[in-house]
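# What the coordinates show
Okay, here's what each chain looks like letter by letter:
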Amino acid sequence: MLNKWVIVHTDLDTAGGGERVCLEVARAIYEYLGSKPSLVLIQKPQKTIALKMLYNYRNYIDEFTWISNSSTPITIKSTILQILLKLSKKYNKIFVNNGLSSLALLGTVIYVHYPFNLDLYGTFNGIKRVYGFFTIMMNDLINYMYNFNKSKSLSKILIFNSTYTLNKTIQLVKRWFVIAPTTFYIINNAKKFVIFPPVESKAIVKNIPLRDNRDDIIIVLSRISRAKRIEYSILILKLLHKFFNINAKLFIIGSLNDVIYYQYLKSLVRKMHLDNYVNFFLDVDDETKIRLLGKGKVLFHPMPGEHFGISIVEAMAAGLIPVISKESGIGSLGILDEMWLYSDIGRPFDIARILAYALNNWNIEYANKLREISIMFSSEIFRQRIAEVLRNV
């Protein structure tokens, strides 16, 4: 068995926060622990943006493989069997980077982005909720078979991306104790840390000079997915035009994950007669993203319950005022003024009022304050803290 690290992740095509965590962990192991980890993906990368991310981190990775060539997600059962077959007998240090999903308790160290598969009432509806119920039971059985034997240690290290995610995980695991006792036992007895995900805040601050004459531009920085509830940004933009006499523009920047949803958003823009005010920027590289962020005054994050929100910190580094939900990883930290936190996405007029105030009161002094806050989430700090934990494994 190899005494080295292997990092396990689903895929890189989303090119979001989870993917950055995956690659920054590889860099931390290389820079601080003096070795190159292997990287195993469940799905082969397909998108150019994902391949570019991988290329940028190539010097920190020893071996790169994937389990499935298909772009269609493979089943939980086959994923588990493949992971066990290829990894558990070869490596003794496994870093799993896809949260408390079907793979979660098979690793030595698990980075928890959010326990989606446990949050049945918040994430699933109808038949999907029933499927999720049985998935939890099946995962618990797999965790029992994998972890409770003589060759495996029950000692796990769980790293959470925010205190919000940590508290939510404990709450959900307690709820499902009866049908998932193994999962509860292992999580309850694991060593737990909170390490914020890496944000290129220093690079953004360096590359975006602040200037007084920014236009009234609201930015949504998010993958194009129904879960992100981007349609609210379009509806609220219409309210700003109609009731607040602010003809702001909306930039929607992100990776395209759901084509049907994207077409719905485009049709909504046409229906609201906002064709000249809403721009989509899909699958852009980091340089383009930074350039676009430098044009805006405000970031609007329409998804309540965001487990952390890397895009929020990126926007702060660019000098944008973040208007976000109180019910979120960043919103619960107490680092933002309460005036920018909305309590209910179902009250769009109230959110429009907050956005109007932010647009009218943006200034360089306050933008600099936000930029200073963003540095506490830098990639450098992430790598240092991750290395401190992994060094003792």
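See above for the structure.
As the structure is a computational prediction, the values presented were derived from the model and not from experiment.

One non-glycine residue, His273, adopts positive backbone phi at about 60°. Residue position: His273 is located in the loop between helix H10 (259–271) and strand E10 (278–282). The phi torsion at Asp283 lies on the positive side, around 50°, for a residue other than glycine. If you trace the backbone, Asp283 turns up in the loop between E10 and helix H11 (286–293).

With that settled, the discussion passes to the sheet that holds strand E12 (residues 321–325). The six strands are arranged E10-E9-E8-E11-E12-E13 in an open sheet whose pairing can be described as parallel. If you trace the sheet from one side to the other, it starts and ends with E10 and strand E13 (341–342), each paired once. Judged from the five bridges that link them, strand E9 (residues 249–254) and E10 form a sheet pairing that is parallel. When the sheet's bridge partners are listed, Ile253 is paired in E10 with Phe281. Most of the contacts of helix H9 (residues 231–243) go to E9, to which it runs at about 170°, and overall it touches strand E8 (217–221), E9, E10 and strand E11 (298–300).

Let us now look at the packing of aromatic side chains. Here the distance between the centres and the angle between the planes together describe a pair of aromatic rings. Evaluation of the coordinates by the stated rule reveals 16 aromatic pairs. Where Tyr30 meets Tyr60, the ring centres are 5.4 Å apart and the plane angle is 55°; that geometry is what we call tilted. Here Tyr30 is found in helix H1 (residues 17–33), whereas its partner Tyr60 is found in the loop between helix H2 (48–56) and strand E3 (63–68), with 30 residues between them in sequence. A residue is classified by how much of its surface remains accessible, and Tyr60, at 16% relative accessible area, is buried. Between Phe64 and Trp66, the ring centres sit 5.4 Å apart and the planes meet at 55°, which makes this aromatic pair tilted. Residue class for Trp66 comes out partly exposed when judged on its relative accessible area of 30%. Grouping aromatic residues by their ring pairs yields a cluster made of Tyr30, Tyr57 and Tyr60. One residue, Arg58, lies across the ring of Tyr55, its end atom 3.8 Å from the ring centre.

Membership of the largest hydrophobic core comes to 71 residues, with the highest contact counts inside it found for Ile218, Ile219, Ile234, Ile252, Phe300 and Leu355. The biggest single contributor to this core is helix H13 (residues 348–361), with seven residues. With residues near it in sequence (within four places) discarded, Ile218 still touches Leu237, Leu240, Ala248, Lys249, Leu250, Phe251, Val298, Phe300, Leu355 and Leu359. Counting residues in each nonpolar core, the second largest holds 28 residues, with Cys22, Leu54, Tyr57 and Ile386 among its members.

About the cut-offs
Residues numbered from 1 in each chain as written. Predicted model: local features only at pLDDT ≥ 70, side-chain atom pairs only at ≥ 80, totals over all residues. Heavy atoms only, no water. Helix = DSSP H or I, 4+ residues; strand = E, 2+ residues; numbered from the N terminus. Pairing = 2+ DSSP bridges. Contact = heavy atoms within 4.5 Å. Axes fitted to C-alpha atoms, helices over the stretch in contact; angles between N-to-C directions. Phe/Tyr/Trp six-rings, centres within 6.5 Å; stacked < 30°, edge-to-face > 60°. Buried < 20%, exposed > 50% of the residue type's maximum accessible area, 1.4 Å probe, protein only. Lys NZ or Arg CZ within 6 Å of the ring centre and 35° of its normal. Core = buried A, V, L, I, M, F, W, Y, C linked by side-chain atoms within 4.5 Å.

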